[in-house]
Amino acid sequence: MFVVLLRFAANRAAAPRLMDGHNAWLRKGFDEGSFLLAGGIEPKAGGAILATAASRAEVEARVAEDPFVAKGVVAAEIIEIAPGRTDCRLSFLAA
């Protein structure tokens, strides 16, 4: 399980022209089952994604495909977590 933080970077002004590509990238991640949750980091500091993948390398490759990452709109941080305790609503995450 991975938390991907996408914090706005120096090229933030390019975000509007890359938004369609970023949204398509998000849709693809959800359609392929890699993304479980996505949302904004408030106040308007970027975004965060809860992702699942077989390996960190797989997540890194997927994140590199985001137009926001590729064009320096956001800086990506990937945090790997090993769910050990969950609320019953998230029991599918526990090993």
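Refer to the structure presented above.
Counting starts from 1 at the beginning of each chain's written sequence and moves along it residue by residue. Local features in this predicted model are restricted to residues of pLDDT 70 or higher, and side-chain atom pairs are both shown and tallied only at a pLDDT of 80 or more, whereas totals for entire chains, interfaces and linings draw on every residue. Side-chain metrics in this entry use all non-hydrogen atoms of the structure; hydrogen atoms and water are not considered.

A.B. asks: How do you make sense of helix H1 (residues 15-31) when you look at a structure like this?
C.D. replies: Counting along an α-helix, one turn takes 3.6 residues, and residues three or four places apart therefore face a common direction. Helix and strand labels come from DSSP, where a helix needs a run of H or I of at least four residues and a strand needs a run of E of at least two; each type is numbered from the N terminus. A helix is expected to span 1.5 Å for every residue after the first. In this model H1 runs 23 Å from its N-terminal to its C-terminal C-alpha over 17 residues, within 8% of the 24 Å that 1.5 Å per residue would give. In H1, a bend of some 30° at Gly-21 exceeds every other bend along the element. Those residues of H1 that sit buried are Ala-15, Leu-18, His-22, Trp-25, Leu-26 and Gly-29. Close packing links the buried residues of H1 with strand S1 (2-8), strand S2 (35-41), strand S3 (46-51), helix H2 (56-64) and helix H3 (67-70). Downstream of H1 by one or two residues, Gly-33 has phi in the positive range, about 80°. The angle separating two fitted axes, one through the seven residues that finish at a residue and one through the seven that start at it, defines the bend at that residue. Per-residue accessibility, obtained with a 1.4 Å probe over protein chains only, is compared with the maximum for each type, and a residue is labelled buried under 20%, exposed over 50%, and partly exposed between these values. Contacts are residue-level and defined by heavy atoms, with any inter-residue pair within 4.5 Å sufficient.

A.B. asks: Is there a simple way to explain empty space enclosed by the protein in this structure?
C.D. replies: To locate leftover empty space, one rolls a probe as large as a water molecule over the atoms. Here a cavity is any set of points on a 1 Å grid over the protein atoms alone where a 1.4 Å probe fits but cannot get out, and a pocket is any open set with protein on both sides within 12 Å along at least 5 of 7 lines; a residue lines the site when it has an atom within 4 Å of a point. Grid points are joined across faces, edges and corners, and a volume is the space filled by probe spheres set on the points. Applying the stated criterion across every chain yields a total of one cavity of 30 Å³ or more. There is about 40 Å³ of room inside the largest cavity. Of the residues contributing to the lining of the largest cavity, the split by class is four nonpolar, two polar and two charged. Charged means Asp, Glu, Lys or Arg here, nonpolar means Ala, Val, Leu, Ile, Met, Phe, Trp, Tyr, Cys or Pro, and polar covers whatever is left, Gly included.

A.B. asks: I would appreciate a short explanation of the packing of aromatic side chains in the present structure.
C.D. replies: Each aromatic ring pair is specified by the distance between its two centres and by the angle formed by the two planes. When the centres of two rings from Phe, Tyr and Trp lie within 6.5 Å, Trp using its six-membered ring, the rings pair. Their planes under 30 degrees apart give stacked, over 60 give edge-to-face, and anything left gives tilted. This structure, assessed with the given rule, holds two aromatic pairs. For the pair Trp-25 and Phe-35, a centre-to-centre distance of 5.2 Å together with 65° between the ring planes defines the contact as edge-to-face. Placement of the pair is Trp-25 in helix H1 and Phe-35 in strand S2, with a sequence separation of 10 residues. Across the pair, Phe-35 and Trp-25 agree in class, each one buried. Each ring, one from Phe-30 and one from Phe-35, has its centre 5.9 Å from the other, and the planes form 85°; the classification is edge-to-face. The ring of Phe-35 has Arg-62 lying over it, and the distance from NZ or CZ to the ring centre is 5.8 Å. Whether a charge lies above a ring is judged from NZ of Lys or CZ of Arg, which has to be within 6 Å of the ring centre and within 35 degrees of the ring normal.

A.B. asks: Where do I start with the sheet that holds S1 in this structure?
C.D. replies: Strand-to-strand pairing in sheets goes through backbone hydrogen bonds, with the strands running parallel or antiparallel. Strand pairing is defined by DSSP finding a minimum of two bridges between the two strands. The strand order across the open sheet built from four strands is S2-S3-S1-S4, with neighbouring strands paired in antiparallel fashion. Looking along the sheet, the strands with just one partner apiece sit at the ends: S2 and strand S4 (74-80). If you compare each strand with its neighbour and ignore which way they point, the axes differ by 15° on average. The sheet contact formed by S2 and S3 spans six bridges and is antiparallel. If you follow Ala-38 over to S3, its bridge partner there is Ile-49. Sheet strands in contact with H1 are S1, S2 and S3, and its direction is about 155° off that of S2. Between N-to-C directions, angles cover 0 to 180 degrees, with each direction set by a line fitted to C-alpha atoms, over the stretch in contact for helices.

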